[in-house]
Amino acid sequence: MKLMIPLLMAALPAAASVAQSQSGAGSGVPSVAIPKTTAVLVIETPKQGVTAQQIMPLIPDEIQATVKLYLDGKIREWYSRGDGKGVIFLLDVKTEEEARALMETLPLAKEQLMKHEYIPVGPLMPLRALNPAALQ
């Protein structure tokens, strides 16, 4: 295992240059570096100017709705932010649009009290360097 990290670090520049030469995209991000979306991370924070007094009456309904999404298999993981400024959900969805649709069902979102940041995530693509056939 100790050899794995140096091997990965050494292989990353080579994998990136191969990927860039294979990618015709102008975005600067090689297409092989973009993973298939397997989940969407949602960072939820109160909108500027929203007070705890506006949020707290909705918390019991928000908890019920999020527990239902969890039990339905839509919320894979959920966390409170370490700075106390909101929550983070890892949703078991394949697109940002699916994540938006789920989040819009929640009481705090319906009242337009929360801001959401959506980040599609997927497999760690540099691991493909361990399997050269996967780069073709």
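See the structure printed just above.
Residues numbered from 1 in each chain as written. Predicted model: local features only at pLDDT ≥ 70, side-chain atom pairs only at ≥ 80, totals over all residues. Heavy atoms only, no water.

1. A short note on the overall build of the protein
1) Next: From N to C terminus, the protein includes 5 helices and 4 strands.
2) Next: Order of helices (α) and strands (β) in the protein, N terminus to C terminus: α-β-α-α-β-β-α-α-β.
3) Next: Counting the 136 residues in the protein, one finds 26% classified as buried.
4) Next: Counting every atom, the protein has about 9000 Å² of accessible surface; 61% of that belongs to carbon and sulfur. (Helix = DSSP H or I, 4+ residues; strand = E, 2+ residues; numbered from the N terminus. Buried < 20%, exposed > 50% of the residue type's maximum accessible area, 1.4 Å probe, protein only. Areas by Shrake-Rupley, 256 points an atom, 1.4 Å probe, with all protein chains shown as cover.)

2. Points about the sheet that holds strand β3 (residues 87–91)
1) Next: Taken together, the 4 strands give an open sheet; going across it, the order is β2-β3-β1-β4, and neighbouring strands pair in antiparallel fashion. The open sheet is flanked by β2 (75–80) and β4 (114–121), the only strands paired with a single partner. Averaged over all pairs of adjacent strands, the angle between their axes in this sheet comes to 15 degrees, without regard to strand direction.
2) Next: In the sheet, β2 pairs with β3 via 5 bridges, with the strands oriented antiparallel. Bridged to Tyr79 within β3 is Ile88.
3) Next: Sheet contacts for helix α3 (residues 59–71): β1 (39–46), β2 and β3; angle to β2, the most-contacted strand, approximately 145 degrees.
4) Next: Helix α4 (residues 96–103) contacts β1, β3 and β4 of the sheet and is inclined by roughly 150 degrees relative to β4. (Pairing = 2+ DSSP bridges. Axes fitted to C-alpha atoms, helices over the stretch in contact; angles between N-to-C directions. Contact = heavy atoms within 4.5 Å.)

3. A closer look at the side chain of Glu62
1) Next: Tracing the backbone through its elements, the reader meets Glu62 in helix α3.
2) Next: One buried charged side chain, Glu62, makes no salt bridge at all; its nearest oppositely charged neighbour is Lys110, positioned 9.0 Å away. (Lys, Arg positive; Asp, Glu negative; His and termini not counted. Salt bridge = Lys/Arg side-chain N within 4 Å of Asp/Glu carboxyl O.)

4. Brief notes about the environment of Gly73
1) Next: On the secondary structure map, Gly73 appears in the loop between α3 and β2.
2) Next: For Gly73, a relative accessible area of 37% corresponds to the partly exposed category.
3) Next: Measuring from C-alpha to C-alpha, the distance between Gly73 and Val93 comes to 9.6 Å, with 20 residues separating the pair along the chain.

5. Focus on the pairing of β1
1) Next: Counted residue by residue, β1 has 6 buried out of 8 residues, so it is predominantly covered.
2) Next: Two elements, β1 and β4, share 8 bridges in a ladder whose sense is antiparallel. The partner of Val40 across the bridge, within β4, is Pro120.

6. Some thoughts on the packing of aromatic side chains
1) Next: Under the definition given, this model contains 1 aromatic pair.
2) Next: An angle of 10 degrees between the planes, with centres 5.5 Å apart, marks the rings of Tyr70 and Trp78 as stacked.
3) Next: Judged by relative accessible area, Tyr70 falls into the partly exposed class, the value being 38%.
4) Next: Trp78 gets classed as partly exposed once you look at its relative accessible area, which sits at 35%. (Phe/Tyr/Trp six-rings, centres within 6.5 Å; stacked < 30°, edge-to-face > 60°.)

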